[in-house]
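Descriptive analysis of the structure
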Amino acid sequence: MVVTGGTRGIGHGLARAFLDRGCRVALCGRAPDTVEAALAALDAPPGRLLGLPADVTDRDRLAALWDAAHDAFGTVDVWINNAGAATARRPLWELSAAETRAVTEANLLGVAHGSAVATAGFLALGRGSVWNMEGFGSDGRLLPGLGAYGATKRAVAYLTQALATDLRHRAGRRPHDVRAMALSPGMVVTDVLTHGYTPEEYARARKVLDILADRVETVTPWLADQVLSGRTRNGGRVAWLTRRKAAARFATAAFRHRRVMPDLPTADRPAAGTDDPARPRRAEEADR
């Protein structure tokens, strides 16, 4: 198992879930210190876990991650493009060019690079699964202040289907069992979900978030089980928060009184490793 952006949030939760299920896991994060901290926190038995610093916008670093995982474990079965970034919750015209470029490079270019590296490797093996992580905007939904982020996630959804189409075309000429699929975690309690609000905005948003959101440790074991089941077809999608589940939660909200969100937003807290609150948050700093 390879998980990009596996040092925090959903990626870290997936790494732990896979390890709990007996898998061998390779993960990456941009900074050596966050990778080391993640490896220490996961505390896996010898030979079961490795981590490398890698910026997903650098295809050569992702190729090195593939090589390291393949050399250490003898093969790679699953590659999850989880790494990503988010901007401040502001209209597109209020984001700097650097912010817009950073979120686009991490969320779209990073997934494209990871998909290219993993697919080439899997085709050489004859089988394997590429999973691309969805986020808000993948299905075309809109919210104020999420234009840049949502556009990248919409593009990832297209990229996943395009990759699946290319794989089907390739299989018609040279049979293989390589699949490209989408993984949708829903609303997960991480910094990306809670940052960017004023206290007043957060108080209003929390009424809905407490109904629909879930903690990392709730969602990631289920996602890991779906990935390991091998049942999803090429071009398929696995979603935690379905429309039916969301409707059921709203219908029972008055009786359940769910409280999963933190008391305060992370609006004024800088992303880890920076003093600039407006800097786009990378996956190892704050996950989906």
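Cut-offs and rules
Residues numbered from 1 in each chain as written. Predicted model: local features only at pLDDT ≥ 70, side-chain atom pairs only at ≥ 80, totals over all residues. Heavy atoms only, no water. Buried < 20%, exposed > 50% of the residue type's maximum accessible area, 1.4 Å probe, protein only. Helix = DSSP H or I, 4+ residues; strand = E, 2+ residues; numbered from the N terminus. Pairing = 2+ DSSP bridges. pLDDT = per-residue confidence, 0-100. Contact = heavy atoms within 4.5 Å. Right-handed = clockwise from strand over helix to strand, strands pointing away.

1. Description of the pairing of strand β4 (residues 78–81)
Because side chains alternate across β4, one face comprises the buried residues Val78 and Ile80, and the other comprises Trp79 and Asn81, equally buried. Bridge count between strand β1 (residues 2–3) and β4: two bridges; the pairing is parallel. Note that in β4 the partner of Val3 across the bridge is Ile80.

2. Looking at unusual backbone geometry
Backbone geometry at Asp43 places phi at a positive 50°, although glycine is not the residue there. Look at His257: it is not a glycine, yet its phi comes out positive at around 55°. Checked against the element boundaries, His257 lands in the loop between α9 (243–256) and β9 (281–282).

3. What to know about the confidence of the model for the protein
Overall, the predicted model of the protein reaches an average pLDDT of 91, with 92% of residues at or above 70. Residue range residues 268–279 is modelled with pLDDT below 50. Its contacts to residues more than four positions away, or to other chains, number 17 contacts. When the criterion is pLDDT under 50, residues 283–288 qualifies, and its contacts beyond four places in sequence or with other chains add up to 41 contacts.

4. Examining the pairing of strand β3 (residues 49–53)
Taken together, the five bridges between strand β2 (residues 25–29) and β3 define a ladder with parallel strand orientation. Bridge pairing in β3 links Gly29 to Pro53. With helix α2 (residues 32–42) bridging β2 and its parallel neighbour β3, the resulting β-α-β unit is right-handed.

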